[in-house]
Amino acid sequence: MHILVTGATGYIGKRLIPLLVNEGHHVICAVRDKLRADKSYLKEEQIDIIEVDFLKPETLKNIPKHIDAAYYLIHSMSNTSSDFEKLEQECAANFKTAINKTEAQQVIYLSGITNDENLSKHLKSRKNVENTLQSNKYALTVFKAGIIVGSGSSSFEIIRDLVEKLPFMIAPKWLHTKTQPLAVRDVLSFLLKSLGNKKTYNKSFDIFGPEVLTYKQMLLQFAEVRKLNRHIFTVPVMTPKLSSYWLYFVTSTSYKLASNLVDSMGVEIIGKPSEINSILDVQPLNYKEAVALAFEKIEQNSIISSWKDSIVSSGRLKNNFHKYINVPKYGCFQDYKEREVKNNEETINKIWSIGGKKGWYYGNLLWKTRGYLDKLFGGIGLRRGRTSPTDLDAGDALDFWRVIYADKEKQKLLLFAEMKLPGEAWLEFKIEDNLLKQTATFRPRGILGRLYWYSVLPFHGFIFNGMIKKLTAS
């Protein structure tokens, strides 16, 4: 079959595409920016990449007419826009208009469980999207999931941060809210096995794990899997805003995502039973099994996708990814250093491993301090780390940077700063003529930006000199 996958660079999309290819399908990946598509897709005959922004109707012409089915995997949990509900409806309506003009017989939509009367804004929006996607031209299959458990998922990583960092937790009362966590591999099984299955046409199914657990029980069971002894005390006085700050400062999440999660966590996410498990022959894992399998992936360094790599969550790049590839020179400050490379391969591997647990090779205490200051002023800090310890692709999060360009063959890596700054900053590593050229570029915004540059200049000399020496040492 010819399958269109939207949200192809997202957490679920990146995991679903290889499974579809393994089943022999031809996959059309719809992305807003081809630079963000996985490089391995370019070598795969069964994958086509098209640029489509469903908020820009003029790009819909890029969708081929000959497709048999489509996956709608577009969500905006991290969206910083105040009118995200309107944008989600517009996005769904444009998608429907485009798919109605194709040969598609089925659309599969992954949504959230929406059975509670008091839904969060995001769950209400997902329910509205489901209504928008209904069509007389194709059959709509809707799967509604609750908490998704898997390496790199937002809920998994937030729980991991809490459990591994805090032996004692004084937590908000929403930790008593009940939910039914579901392993990401089971989500993928539902999505894959429903393709072309007429028993799922024009139907909506809640999909969930076999246990009803409170968030507190999830934290404690997570601790058991990790062989950690943890104690949790809940208090009734923590407001949603305080809860959001609690998550923001303790975990790697952004404040906006923390706020949206808190908004959702006050709502019980209990699914309605159906025959979908037997129809598709899926027997969901329990929570502990899902956590244990997630850590197997982490230990093997084989995390396929992470919520941290979402461009939406950055708040700065949004849809303007191309804009930042050409590093400006006019009106900018630069810190340029070059040094002879003794071993090209070794230096490139060091550059591609920079950040995260490996650190920045020199002055790590100063990098951490800058991260703490960023977090204090509402930024993302260093806590995002990186998804893979050795691989980098355009769009990946790298501490408080975003990878704009990464090409090992051309020996060039370009990063764009996502920390709080009175301006814009780039960090480029490039090997030419056996020289490593390391350039930090800052485009200031107003007088404050210029004062900022001169205030950090002494630290730059110390950090960047040390870093280039470490990168080129053999």
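Refer to the structure presented above.
Residue numbers here run from 1 along each chain, matching the order of that chain's written sequence. Given that this is a predicted model, residues contribute local features only at a pLDDT of at least 70 and side-chain atom pairs are listed and counted only at 80 or more, while totals for whole chains, interfaces and linings are drawn from all residues. No hydrogens and no water enter the side-chain calculation; it runs on all heavy atoms of the structure.

Draft legend 1. Structural detail: the nonpolar core. Among buried residues, the Ala, Val, Leu, Ile, Met, Phe, Trp, Tyr and Cys ones that are joined through side-chain atoms within 4.5 Å form a nonpolar core. When a residue's accessible area, from a 1.4 Å probe over protein chains only, is under 20% of the maximum for its type it is buried; when over 50% it is exposed; and in between it is partly exposed. One finds Ile-12, Tyr-71 and Phe-143 to be the most contacted residues of the largest nonpolar core, which totals 37 residues. Broken down by element, the residue count for this core peaks at six residues, all from helix H5 (residues 184-193). Formed by 35 residues, the second largest nonpolar core is a distinct cluster that contains Ile-348, Leu-382, Ala-406 and Phe-429. Here a helix means four or more residues in a row that DSSP labels H or I, a strand means two or more in a row labelled E, and each is numbered from the N terminus.

Draft legend 2. Representation of helix H2 (residues 84-100) within the structure. The span you would expect from a helix comes to 1.5 Å times its residue count less one. Here H2 contains 17 residues, and its C-alpha end-to-end distance of 24 Å stays within 8% of the 24 Å for a straight helix at 1.5 Å per residue. All of the buried residues in H2 are Phe-84, Glu-88, Cys-91, Ala-92, Asn-94, Phe-95, Ala-98 and Ile-99. Seen along its axis, H2 keeps its buried residues to an arc of 165°; they face one direction. Any two residues having at least one pair of non-hydrogen atoms within 4.5 Å are treated as being in contact. Considering only its buried residues, H2 is in contact with strand E1 (2-5), strand E4 (69-72), strand E5 (106-112) and helix H3 (121-133). Directions from the helix axis toward the C-beta atoms define the arc.

Draft legend 3. Seen up close, the sheet that holds strand E3 (residues 47-51). At least two bridges found by DSSP between two strands is the condition for calling them paired. Reading across the sheet, the seven strands line up as E3-E2-E1-E4-E5-E6-E11 and stay open at both edges, with parallel pairing between neighbours. Each edge of the sheet is formed by a strand with only one pairing partner; in this case those strands are E3 and strand E11 (203-207). Each adjacent strand pair in this sheet contributes to an overall mean axis angle of 20°, direction not counted. Along the sheet face, H2 touches E1, E4 and E5 and points at about 175° away from the line of E4. Note on geometry: axes are lines fitted to C-alpha atoms, helical ones only across the stretch in contact, with angles between N-to-C directions running from 0 to 180 degrees. Of the strands in this sheet, E4, E5, strand E6 (139-145) and E11 touch H5, which is tilted by about 155° from E5.

Draft legend 4. Up close: the pattern of salt bridges. Salt bridges are defined as contacts in which a side-chain nitrogen from Lys or Arg sits within 4 Å of a carboxyl oxygen from Asp or Glu. One pass over the full model with this rule turns up 13 salt bridges. Between Lys-350 and Glu-346 there is a salt bridge, with its nearest N and O atoms 3.8 Å apart. One end of the pair, Lys-350, and the other, Glu-346, are both in helix H11 (residues 344-352), four residues apart, so they sit about a helical turn from each other. Judged by relative accessible area, Lys-350 falls into the buried class, the value being 18%. Across the pair Lys-437 and Glu-432 runs a salt bridge, and its minimum N-O distance is 2.9 Å. By relative accessible area, which is 18% here, Lys-437 ends up buried. Beyond isolated ion pairs, a larger network of salt bridges with shared partners links Glu-157, Arg-160, Glu-164 and Arg-226.

Draft legend 5. Quick peek at the sheet that holds strand E19 (residues 435-444). Pairing is antiparallel in the open sheet, where six strands are placed in the order E14-E19-E18-E17-E16-E15. Where the open sheet ends on each side, the last strands, each with one partner, are strand E14 (333-340) and strand E15 (397-398). Its contacts with the sheet place helix H13 (residues 446-472) against E14, strand E18 (423-432) and E19, and it is angled at close to 10° to E14.

Draft legend 6. Summary view of the packing of helix H1 (residues 13-22) against H5. The N-to-C vectors of H1 and H5 enclose an angle of 50°; their axes lie 10 Å apart at closest approach. Relative to H5, the element H1 is oriented oblique. H5 is crossed by H1, and the crossing has right-handed handedness. Here H1 contributes Arg-15, Leu-16, Leu-19 and Leu-20 to the contact with H5, which in turn contributes Val-184, Leu-188, Leu-191 and Leu-192. An angle below 35 degrees is read as roughly parallel, one above 145 as roughly antiparallel, one from 65 to 115 as roughly perpendicular, and any other as oblique. The crossing is said to be left-handed when, going from far helix to near helix, the turn is anticlockwise and less than a right angle, and right-handed when the turn is clockwise.

Draft legend 7. Quick peek at the packing of aromatic side chains. Two rings belonging to Phe, Tyr or Trp (six-membered ring only in the last case) form a pair when the distance between their centres is within 6.5 Å. Interplanar angles under 30 degrees mark stacking, angles over 60 mark edge-to-face geometry, and anything in between is tilted. Under the criterion given, the structure shown has 18 aromatic pairs. With centroids separated by 5.4 Å and ring planes inclined at 55°, the aromatic side chains of Phe-156 and Phe-295 adopt a geometry described as tilted. Separated by 139 residues along the polypeptide, Phe-156 in helix H4 (residues 154-165) and Phe-295 in helix H10 (residues 287-299) bring together distant segments of the chain. Each member of the aromatic cluster is reached from another via a ring pair, and the members are Phe-333, Phe-442, Tyr-452, Trp-453 and Tyr-454. The ring of Tyr-405 is capped by Lys-412, whose NZ or CZ atom sits 5.3 Å from the centre of that ring. By definition here, charges over rings are those cases where NZ of Lys or CZ of Arg is within 6 Å of the ring centre and within 35 degrees of the ring normal.

Draft legend 8. Quick look at the side chain of Asp-335. Position of Asp-335 relative to the elements: it lies in strand E14. Counted as a polar contact is a pair of N or O atoms within 3.5 Å, where, for protein atoms, one must be capable of donating a hydrogen and the other of accepting one, and residues adjacent in sequence contribute only when both atoms are in side chains. There is a polar contact of 2.6 Å between the side chain of Asp-335 and the side chain of Lys-337. Setting aside chain neighbours within four positions, we find Asp-335 in contact with Gln-438, Thr-439, Ala-440, Trp-453, His-460, Gly-461 and Phe-464.

Draft legend 9. Spatial organisation of the packing of H2 against H3. Where H2 contacts H3, the axes come no closer than 9 Å and their chain directions differ by 20°. Our classification of the angle between H2 and H3 gives roughly parallel. Handedness of the crossing formed by H2 with H3: right-handed. Counted together, Phe-84, Glu-85, Glu-88, Gln-89, Ala-92, Ala-93, Phe-95 and Lys-96 of H2 and Lys-121, His-122, Ser-125, Arg-126, Asn-128, Val-129, Thr-132 and Leu-133 of H3 form the full contact between these two elements. Under the scheme applied here, ten amino acids are nonpolar (Ala, Val, Leu, Ile, Met, Phe, Trp, Tyr, Cys and Pro), four are charged (Asp, Glu, Lys and Arg), and all others, including Gly, are polar. Of the residues contributing to the contact of H2 with H3, the split by class is six nonpolar, five polar and five charged.

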